[in-house]
Structures are given as C-alpha cells and as structure tokens.
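# Reading the structure
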Amino acid sequence: MTSNENFERAKQEYEKWGINVEQVLEKIKQVPISIHCWQGDDIEGFEPNKSELSGGIDVTGNHPGKAHTPEELRRDLEKALSLIPGKHRVNLHAIYAETSGEAVERDELLPRHFENWVRWAKDRGLGLDFNPTLFSHPKAADGFTLSHPDIEIREFWINHCIACRRIGEYFGKELGTPCLTNIWIPDGYKDIPSDRLTPRKRLKESLDRIFKENISEKHNLDSVESKLFGLGSESFVVGSHEFYLGYALKNNKLCLLDTGHFHPTEAVSNKISAMLLYSDKLALHVSRPVRWDSDHVITLDDELREIALEIVRNEALDNVMIGLDFFDASINRVAAWTIGTRNMIKALLYAMLVPNEHLKQLQEEGRFTERLALFEEFKTYPFGAIWDYYCEEMGVPVKEAWLKEVKQYEREVLFKRQAPSQTV
Ligand code: RNT
Ligand code: ZN
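Residues numbered from 1 in each chain as written. Chains lettered and ligands numbered in written order. Predicted model: local features only at pLDDT ≥ 70, side-chain atom pairs only at ≥ 80, totals over all residues. Heavy atoms only, no water.

The protein is annotated in an unreviewed UniProt entry as L-rhamnose isomerase from Bacillus atrophaeus. Turning to the protein, the UniProt annotation filed under Subcellular location (unreviewed entry) states: "Cytoplasm". Here is the UniProt Catalytic activity (unreviewed entry) comment for the protein, exactly as written: "L-rhamnopyranose = L-rhamnulose". (UniProt positions renumbered as here; feature names shortened; annotations may be inferred.)

Attention now goes to the site of ligand 1. Surrounding ligand 1, one finds Trp38, Ile57, His93, Trp184, Glu225, Lys227, Asp258, His261, His285, Asp293, Asp325 and Phe327. Separating an oxygen atom of ligand 1 from a side-chain N or O atom of Asp325 is a distance of 2.7 Å. Here ligand 1 loses 100% of its free accessible area of 310 Å² to cover by the protein chains. In this structure, ligand 1 is accommodated by the largest cavity. Along the lines of polarity and charge, the residues of the shell around ligand 1 split into four nonpolar, three polar and five charged. (Near = heavy atom within 4 Å. Polar contact = N/O pair within 3.5 Å; in protein donor to acceptor, adjacent residues only side chain to side chain. Areas by Shrake-Rupley, 256 points an atom, 1.4 Å probe, with all protein chains shown as cover. 1 Å grid on protein atoms, 1.4 Å probe; cavity = no way out; pocket = protein on both sides within 12 Å on 5 of 7 lines; lining within 4 Å. Sits in = over half its atoms within 2 Å of the grid points. Nonpolar A, V, L, I, M, F, W, Y, C, P; charged D, E, K, R; others polar.)

Attention now goes to the pattern of salt bridges. For the structure on display, the rule yields 33 salt bridges. Between Lys271 and Glu266 there is a salt bridge, with its nearest N and O atoms 2.5 Å apart. Look at Glu266 and you get partly exposed, because its relative accessible area is 30%. One network of salt bridges, in which partners are shared, links Asp42, Glu44, Lys50, Lys66 and Arg333. (Salt bridge = Lys/Arg side-chain N within 4 Å of Asp/Glu carboxyl O. Buried < 20%, exposed > 50% of the residue type's maximum accessible area, 1.4 Å probe, protein only.)

The next thing to look at is the packing of aromatic side chains. Each pair of aromatic rings is reported with the distance of its centres and the angle of its planes. A full pass over the atoms with the stated rule returns 19 aromatic pairs. Relative to Phe171, the ring of Phe130 lies with its centre 5.3 Å away and its plane at 75°, an arrangement referred to as edge-to-face. Of this pair, Phe130 sits in strand β3 (residues 127-131) while Phe171 sits in helix α5 (residues 151-175), and the two are 41 residues apart along the sequence. Assessed through its relative accessible area of 0%, Phe171 is described here as buried. One aromatic cluster in this structure is built from Tyr14, Trp17, Phe378 and Tyr381. (Phe/Tyr/Trp six-rings, centres within 6.5 Å; stacked < 30°, edge-to-face > 60°. Helix = DSSP H or I, 4+ residues; strand = E, 2+ residues; numbered from the N terminus.)

All right, on to the coordination of the zinc ion (ligand 2) then. For the zinc ion (ligand 2), every protein donor is listed as Glu225 (OE), Asp258 (OD), His285 (ND1) and Asp325 (OD), and the spread of their distances is 2.1 to 2.2 Å. In this structure, the zinc ion (ligand 2) is surrounded by six donor atoms whose angles at the metal cover 71 to 168°, and the resulting shape is octahedral. Each donor residue of the zinc ion (ligand 2) belongs to the same chain, with the gaps between them written as E-x32-D-x26-H-x39-D. Here Asp258 is found in strand β8 (residues 254-258), whereas its partner His285 is found in strand β9 (residues 282-286), with 27 residues between them in sequence. Residue Asp258 is classed as buried on the basis of its relative accessible area, which comes to 0%. With relative accessibility at 3%, the residue His285 sits in the buried group. (Donors = N, O, S within 2.8 Å, 3.2 Å for Na, K, Ca; no water. Tetrahedral: all angles 85-135°; square planar, octahedral: opposite > 155°, others 65-115°.)

A few words now on unusual backbone geometry. With a phi close to 55°, Asp42 is a non-glycine residue in the positive phi region. With respect to the secondary-structure elements, Asp42 resides in the loop between β1 (34-36) and α3 (70-81). Given a relative accessible area of 11%, Asp42 falls into the buried group. Phi is positive for Lys399, close to 50°, though the residue is something other than glycine.

Take the packing of helix α2 (residues 21-29) against helix α10 (residues 333-352) next. Where α2 meets α10, the closest approach of the two axes is 10 Å, and the angle between their N-to-C directions is 145°. Relative to α10, the crossing made by α2 is right-handed. Across from Val24, Leu25, Lys27 and Ile28 in α2, the residues of α10 making contact are Ile345, Leu348, Leu349 and Met352. The residue makeup of the contact of α2 with α10, split by class, is seven nonpolar, no polar and one charged. (Axes fitted to C-alpha atoms, helices over the stretch in contact; angles between N-to-C directions. Left-handed = near helix turned anticlockwise from the far one by under 90°. Contact = heavy atoms within 4.5 Å.)

Before going further, it helps to examine the environment of Glu357. Tracing the backbone shows Glu357 in helix α11 (residues 356-364). Its relative accessible area of 53% is what places Glu357 among the exposed residues. As for Glu357 and Glu26, which are separated by 331 residues in sequence, their C-alpha atoms are 19 Å apart.

The next point concerns the UniProt feature "binding site: Mn(2+)" (unreviewed entry) in the protein. What UniProt calls "binding site: Mn(2+)" (unreviewed entry) maps, in this numbering, to His261, Asp293 and Asp295. In sequence the annotated residues extend across 35 residues, while in space they remain close, none of their C-alpha pairs exceeding 10.0 Å. Restricting the annotated residues just mentioned to those that line the largest cavity leaves His261, Asp293 and Asp295. Here Asp293 shows up in the loop between β9 and α9 (302-313). Among all residues touching Asp293, those that are not within four sequence positions of it are Lys227, Phe229, Asp258, Gly260 and His261. Among the polar contacts listed, one links the side chain of Asp293 to the side chain of Lys227, at a separation of 3.3 Å. Inspection of the secondary structure puts Asp295 in the loop between β9 and α9.

For β9, the buried fraction is high: five of the five residues fall into the buried class. Where burial is concerned, the two faces of β9 agree: the one with Leu282, Leu284 and Val286 and the one with Ala283 and His285 are both buried. The pairing of β8 with β9 spans four bridges and is classified as parallel. Opposite Asp258, over in β9, you have His285 as the bridge partner. The handedness of the β8 to β9 crossover, carried by helix α8 (residues 269-276), is right-handed. (Pairing = 2+ DSSP bridges. Right-handed = clockwise from strand over helix to strand, strands pointing away.)

In structure tokens:
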C-alpha cells in the first residue's frame, strides 16, 4: 500500500468520529514551536571570555561535533529545521550575541549584537524568542543574581534584563511576531535558609525595575520561569512557582512552566486549564525530567500527550507559547532537536485526532467506562499514517528517513569540526 492509500484509509477511520483530518493538517501547520538554540552547543554561547556553565544546571555527554561558532550553530539549526515539518521559532540566550571578538558586558548588550540572527531568521521566516543569561558569569558565581544581597550585583543583572527586553522588542519589530523574553534565575540556597522572605522581596523589587519600561506587547512579551531546586540550590529557590504565579498574575506577565521544575509526580498538564482561567497566556519549556530536572530529550510519552491534549481540547493553541528546553550532549545534537521537536508536533497532531468534544460529553454524562475505553482505543488508531502523510506534504523526511540525513551530516560536517583550541 502506498503512503497515500494508508492516509486515505486512516482518514476514513477518523472521519467516522467527525474528525476533519484535512482541517487538522491545516491547523497543525500554524503551530510554532520555539526551538532552543542551546541544545546545539551545550549552552556555551559565544562570549569571548566564556565562563563555565553554572546556575545549577548541567549538560552531560561529549558526542563529537558540537557547534563552536554562530555559523556552525545556525547551520546545525537549519539542518534540524529541514527535518521538522512546519514553520517554527528559534529561542536564543543573551550569551549567543555576536560581538566580533569584543568583550561586551551583559548589561551593555544591544540589538546590533544580534543582527546576524535577525537577518538569518528573516530570510527563513522564523520568529525569535529570547532569554537574558543570568548564569555562567563571574557576577553569578555565588549563585545569586536578581535577589543578591549586594546592590551592585543586583543592579548589574537588572540592567542586563532591561537590555534584553529591548533586544526582544527589536526581534519582534524586525520579524513581525512578538518575541517572548523569558527570565530564569538560579538564585537559591544549598541548605535550609534562615530567611526566605528577604531574598524574595529583593527579587520582586528587581523585577519591578526590569519591567518598568513600557514595551509594546506587539513586539515583546515577558515571562518568568519558576524552579523547584537546582544543583547547589537543593533546599530553597527564590523564584519558586508560587512566587512567579503571583507575580505574573499581578503584573500581567506570562508564567512559564518548565516541565522539569516540579515535584516528580506533579504534572504541568494539570496546571494549564487552571492557569488559563486567570491569564490569557502562559508559556512552556517542555522537557523530560528523568528522576530529577535532567533535561532529557522529550519523548512521545504520556505527559507530553497530556500536555498537548490540554492545549488542543481547550482551544488554547494561541494562548500557550510552546518552547522546548532539553540538552543532551551524549547523542548527536541535531538529532536531539529533530527527535524532540518532531515529538512535540506529533503530540499535538495526536491530540487533534482524538474526538475531544465527544469525550467531554461522555464525562458530563458520567459515562466513564466509555471515556476510558475510547481514550485507550484511540492510542492505536492509525495516527502514524496521518503523521507520515503530513511529513511528506511538508517536504520533510517520512518516518526514520531523517536519521540517514543526520548521519550523512555527521560524517560530512560534524565529525570534521575541530574544537577552537585545536585549530590554533
Ligand atoms: C534552568 C531553566 C532554564 C534553562 C535555560 C538554558 O533550569 O530550565 O530555562 O534551561 O535558560
Ligand atoms: Zn527551562
């Protein structure tokens, strides 16, 4: 059977349930996923005087071929994007500025340091998102930034975030799609604090200063990302979920939920509907925590599907900004992007191919046997045939055919790369 015949058959099965497959395919095309650039180089960035990765996060593995220059990183991203159906966004961090070898302090970063990224994104019809980098820096060496007891250090990071919002505004203006500028800080204590309130008060004040400048939401949206613990901040994190949930609601900012930043049995999928009752938009960092906030590449697991179902069945595709956040250096990095992003799209497509209205009705009528039965039966509906057809239509490899392309790219490009220190 050809893939077209497979598709036609599958389509008929879904149509029996009133699901308009063609409409679904039109819809899924419009959903942008924000792909994090930092999977490509283990969160190193391009600062001329790079500090080691800090902030209580870690990348493990040493698969050869990581990107060392902006050109390499963009080339790798292009390769991944060519294997992923749809039009997406790229999520940058401040450490990915291009300063022509000049050491520009983070509080002095300007839009022009991101000109190449903008030109590149424009040429490819991509949106850009942004993050100030409040780690991997001497002024974050003791693990504190926006809540630091030292006013001078606080000021430095406040000014960095102000500079980043302006860069976000520039991205939004240039690309005609608002940039999501997301603030995440590592601040926290290894051991039990004697005062939780004072650092939180300082963080609140710092955020107020950062957001004082009025920037149109047409160009820049702000989000704040909470955390539960980090390496070295096991006992206390200043920017906890409740802290940012309150802050975001009160100040009309987006709350960003990273799926690795909650207790292991606490599900982000369960939070989406609750939060959307009180704010128009929220943002996600979709990740896969394995026993802890390990940032594994996302797989098509139950929680990923549940997140997608919550977004789709509540018609929240325009309200939830979907971004990815994982970093695995033990496998090919282009493959990591491809696997993770394809999985996110698969999960959304899967969620669109479930009779959501019917299932809601069953619940309303207390018909729980049928609800469970259908959920389970739909897991083996011919979803794969629709996914394959979608990939084909979008001109990207079908099934695992992308792997051959990554292997070839690995041989021809990645394995030929040398670390900068080896080239001098
Ligand atoms: C850290 C946060 C944060 C980072 C990126 C690099 O725990 O998840 O989003 O992963 O900013
Ligand atoms: Zn995150």
